[in-house]
Amino acid sequence: MKSNTRKTLDEFIIEKQEDFQYSTGELSRLLNSILLAARVVSYKVNKAGLVDITGSVGVVNVQGEEQKKLDVYANDVFIQTLVNREIVCGIASEENDNFITIQGFDNGHNNKYVVLMDPLDGSSNIDVNVSVGTVFSIYHRVSPLGSPVTMEDFLQPGINQVAAGYILYGTSTMIVYTTGKGVNGFTLNPAIGSFYLSHPNMKYPERGSIYSVNEGNYVHFPQGVKNFIKYCQEEKDDRPYSSRYIGSLVSDCHRNLIKGGIFFYPPTTKAPKGKLRLLYECNPMAFITEQAGGIATDGFKRTLEIQPTELHERTAFYCGNSDMVKKMMESIEKAGDGNTARE
Ligand code: AHM
Ligand code: MG
């Protein structure tokens, strides 16, 4: 009998086919397309520093080739892979102002799914050799099959996600995803190009002991958030907790999922609604967080229940171990100054 850790992602997807809500194989093929693009991006990320991928867009290098920032490159790779395979009817990306409409092979609009993604999150970390990630979200379209996608297909609350995941380009490349039946993580063997099940059924530890926030923004945080940080630093019971912040959402959340902790990006004066994007970053992370037994909220409301009103909408975001997120919410409520940044 094969051990779990030897199972490839392809084998896992085939085995779990019946878990997929609309089990025609289309979602499996879509996930496989995302994996293909992830392998290409992973290869390129690993060569950062060796090739001209940290330069600015529009600059022509000595070979007469256009230099591309890695986030633009990743955006192109994911979009082209999905467009070429005609597997989705629309894509919205953090890198693009508007969503893209994709016609199927028959020139119709008969694909069921839309993908929303941040192709390379935390890309400023690339120049200093720190982990970055891709975050993606998959929804069933709400507009009728056969017609071009509409804004309503993309502005769905996160609760409607059919699948979501992230790819972490770290010391190894991993994909962690959910289809609403738990969370599983797979690690890429770069020599073979296959992802292997390395983290089955991921769950937050019972208690968290890490808090992750950009504390440089402390003076601008709502009072409840400040009080929570002070609570984490207090010498009492199992505290003080450890502060860990990479500044790369995928890496910070991934570490907290494994070790137990809370990640938060509250509103600041510079970003009064928070910095992170509801559709591309928070919703997929919230889906994974909940599936792993954690909580994701804007401070008051479950992230997955927020009704988006625009593609690039931002939100305050608190996610991680349920004990820690509950404590944060209590602290925000007790302070009574809402979720607003301080001047
Ligand atoms: P980006 O989408 O422009 O890369 O920004 C998102 C990133 C997240 O990965 C991370 O959590 C956050 O920005 C860090 O922001 P800050 O540098 O303000 O702490
Ligand atoms: Mg981002």
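The structure contained in this document is the topic of the report that follows.

The rules behind the values
Residues numbered from 1 in each chain as written. Chains lettered and ligands numbered in written order. Predicted model: local features only at pLDDT ≥ 70, side-chain atom pairs only at ≥ 80, totals over all residues. Heavy atoms only, no water. Near = heavy atom within 4 Å. Polar contact = N/O pair within 3.5 Å; in protein donor to acceptor, adjacent residues only side chain to side chain. Areas by Shrake-Rupley, 256 points an atom, 1.4 Å probe, with all protein chains shown as cover. 1 Å grid on protein atoms, 1.4 Å probe; cavity = no way out; pocket = protein on both sides within 12 Å on 5 of 7 lines; lining within 4 Å. Sits in = over half its atoms within 2 Å of the grid points. Nonpolar A, V, L, I, M, F, W, Y, C, P; charged D, E, K, R; others polar. Domains from an automatic or database assignment. Points joined across faces, edges and corners; volume = space filled by probe spheres on them. Helix = DSSP H or I, 4+ residues; strand = E, 2+ residues; numbered from the N terminus.

## Concerning the site of ligand 1
Among the 15 residues in the neighbourhood of ligand 1, the closest are listed as Asp121, Gly122, Tyr245, Leu249 and Tyr265. In the model, an oxygen atom of ligand 1 is placed 2.9 Å from a nitrogen or oxygen of the Lys275 side chain. A distance of 3.1 Å separates an oxygen atom of ligand 1 from a polar atom in the side chain of Glu281. In the complex, 79% of the free accessible area of ligand 1, which totals 470 Å², lies under the protein chains. When each cavity is represented as a set of grid points, ligand 1 is found to reside in the largest pocket. Residues of the shell around ligand 1, tallied by class, amount to 4 nonpolar, 5 polar and 6 charged. Each of domain 1 (3–199) and domain 2 (210–335) gives at least three residues to the shell around ligand 1.

## Here's the deal with the layout of surface pockets
Looking at the largest pocket, its volume works out to about 370 Å³. Asp121, Gly122, Gly247, Lys275 and Glu281 are the residues nearest the centre of the largest pocket, which is lined by 21 residues in total. Put simply, the parts of the chain that give the lining of the largest pocket at least two residues each are strand 3 (113–121), helix 6 (249–259) and strand 11 (261–265). No other element matches the 3 residues that strand 3 contributes to the lining of the largest pocket.

From the geometry alone we can't say anything about function, so treat these as descriptive.
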